[in-house]
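# What the coordinates show
For reference, the chains in residue letters:
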Amino acid sequence: MSGVLISLFVFGILLAGVALFALLAGVLGKTDKVRRPALATFSISLFLAVASIVTASITVVPTRNVGIVTSWNKPTGRTTGAGLQWTLPWQGIDEWDASGQTYAHLGDQCVWVTIAAQRRACIPVQIEWSAQAEKAPENWAAYREVGDKSRFEVFVERRVNPQINGAMTSIFASFDPLGAVDPASGDAPAPDLNKSFKDTLVTALNAELGDEIVVKSVAFESPRYDEPTTQAIAAYGQKILEARNLEIDKANAKTRAEITRTDASVDQVARCLQIAEKLGKEPGLCMGGAVSLTRPVQAD
């Protein structure tokens, strides 16, 4: 029950007391000069007392919020929905935000985590979530206002955000960006974190906060890396490229050697006959072994 409602309720009780004394004065008064002012005071005091107590019993809960019913600032365990709500005069309703919340860390606001080989990556992520209405009274009682922050804001700061940060640290601990480098070309495309880590993060959050919040969606953008990690990825890709070029050179050298061995093993006369047929020369020239079958160079 807020301080204003408590004051209003107490004021209503005092007015009710005034109305009672005025009624007694009016009833016991011996003259009209005494009875009439007393009865008038009674009427006015009673009206104001009822109005004050009724007003203290009404609370408007904003849309998508949960109302926590309290009695003298202690939760009763009862909750309400949004809209106009009635309580007993000595009870009040405090609000607990059950609307959609956003853990937004995209772009330059990405979350830095330690990944495989003690490297560092900055993970852009956005998580949509909302508080579980059933746990609202318990969480409301567990946290207190701090400065200008409401109980719900303190709950988010001390409970929800640390668990999300911890889950991010845990699931990305084994993430190795070098694994995304193409082993054939050495290219390093941006990894699809939504495909690899979305379900894992949802599972981790449900394990820690599943009875307190509902995770509605998770979306990642492409990660960024610190300078040593960026250099390591580039060096790894370069090694793959060099290794691929070396294998190509080895394959070409092997092919050339095989051609040379094949040419050396071919019978020279048979080879001469093949050349003669190709150049349109007389095959008999191959029998002597000393005649060249190459075409003469034509003079201009």
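Residues numbered from 1 in each chain as written. Predicted model: local features only at pLDDT ≥ 70, side-chain atom pairs only at ≥ 80, totals over all residues. Heavy atoms only, no water.

Naming follows an unreviewed UniProt entry, where the protein appears as Band 7 domain-containing protein of Actinoplanes subglobosus.

## A short note on the overall build of the protein
Tallying secondary structure elements over the protein gives seven helices and eleven strands in all. Counting only residues that meet the buried cut, the protein has 31% of its 300 residues in that class. Pairs at least 24 apart in sequence give 63% of the contacts found in the protein among residues at least 6 apart. Surface accessibility of the protein: about 18300 Å² in total, with carbon and sulfur atoms responsible for 57%. (Helix = DSSP H or I, 4+ residues; strand = E, 2+ residues; numbered from the N terminus. Buried < 20%, exposed > 50% of the residue type's maximum accessible area, 1.4 Å probe, protein only. Contact = heavy atoms within 4.5 Å. Areas by Shrake-Rupley, 256 points an atom, 1.4 Å probe, with all protein chains shown as cover.)

## Quick look at helix α4 (residues 151-171)
One turn of the α-helix equals 3.6 residues, which is why residues spaced by three or four share an orientation. The first and last C-alpha atoms of α4 sit 29 Å apart over 21 residues, in line with the 30 Å expected at 1.5 Å per residue. Along α4, the sharpest change in direction is near 30° and occurs at E157. (Expected span 1.5 Å × (residues − 1). Bend = angle between axes of the 7 residues up to and from the residue.)

## Some details on the side chain of S130
For S130, the location among the structural elements is in strand β9 (residues 125-131). A residue is classified by how much of its surface remains accessible, and S130, at 7% relative accessible area, is buried. Here S130 is in contact with A98, S99, G100, E212, I213, V214 and K216, once residues within four sequence places are set aside.

## Examining the state of the cysteines
Scanning all chains against the criterion turns up one disulfide. What pairs with C110 in a disulfide is C122, and their sulfur atoms sit 1.8 Å apart. When the S-S torsion is 100°, as for the bridge of C110 with C122, the disulfide is right-handed. Residue C110 is found in the loop between β6 (101-105) and β7 (111-114), and its partner C122 is found in strand β8 (residues 120-123); the two are separated by twelve residues along the sequence. Relative accessible area serves as the criterion here: at 1%, C122 is assigned to the buried category. (Disulfide = S-S within 2.5 Å.)

## Things to note about the sheet that holds β8
Pairing between sheet strands relies on hydrogen bonds along the backbone, with the strands arranged either parallel or antiparallel. If you trace the three strands from one edge of the open sheet to the other, you get β7-β8-β11, paired in antiparallel fashion. In this open sheet, the two strands that pair with only one neighbour each are β7 and β11 (224-225). Inspection of the sheet shows β7 paired to β8 by four bridges, in the antiparallel sense. If you follow V111 over to β8, its bridge partner there is I123. (Pairing = 2+ DSSP bridges.)

## Focus: the environment of D108
By secondary structure assignment, the location of D108 is in the loop between β6 and β7. The spacing of D108 and P124 is 16 residues in sequence and 7.9 Å in space, taken between C-alpha atoms.

## Looking at the packing of α4 against helix α5 (residues 193-209)
Geometry of a packed helix pair, given as the angle between the helix axes and the separation of the axes. Where α4 contacts α5, the two axes come as close as 10 Å, and the packing angle between them is 135°. The orientation of α4 with respect to α5, classified from their angle, is oblique. Crossing geometry of α4 relative to α5 is assigned as right-handed. Judged by residue contacts, R159, V160, Q163, I164, A167, M168 and I171 of α4 engage F197, T200, L201, A204, L205, E208 and L209 from α5. (Axes fitted to C-alpha atoms, helices over the stretch in contact; angles between N-to-C directions. Parallel < 35°, antiparallel > 145°, perpendicular 65-115°, else oblique. Left-handed = near helix turned anticlockwise from the far one by under 90°.)

## Some words on the sheet that holds strand β10 (residues 213-220)
Strands sit in the order β6-β9-β10 across an open sheet of three strands; the sheet is antiparallel. Pairing within the sheet leaves two strands with one partner each, and these edge strands are β6 and β10. Pairwise comparison of adjacent strand axes, ignoring direction, gives a mean angle of 15° for this sheet. Here β9 pairs with β10 via seven bridges, running antiparallel. Paired with S130 across the bridge in β10 is V214. Most of the contacts of α4 go to β9, to which it runs at about 135°, and overall it touches β6, β9 and β10. Each of β9 and β10 touches α5; the most contacted strand, β10, lies at about 160° to it.

## Looking at the packing of aromatic side chains
What the rule picks out here adds up to seven aromatic pairs. Where Y143 meets F155, the ring centres are 5.7 Å apart and the plane angle is 70°; that geometry is what we call edge-to-face. Here Y143, found in the loop between α3 (136-142) and α4, pairs with F155, found in helix α4; they are twelve residues apart in sequence, far enough to count as distant. Of the two residues, Y143 and F155, both sit in the buried class. Between the aromatic rings of F172 and F220, the centroid separation amounts to 5.8 Å while the plane-to-plane angle is 80°, which identifies the pairing as edge-to-face. You can see F172 sitting in the loop between α4 and α5 and its partner F220 sitting in strand β10, a full 48 residues away along the chain. (Phe/Tyr/Trp six-rings, centres within 6.5 Å; stacked < 30°, edge-to-face > 60°.)

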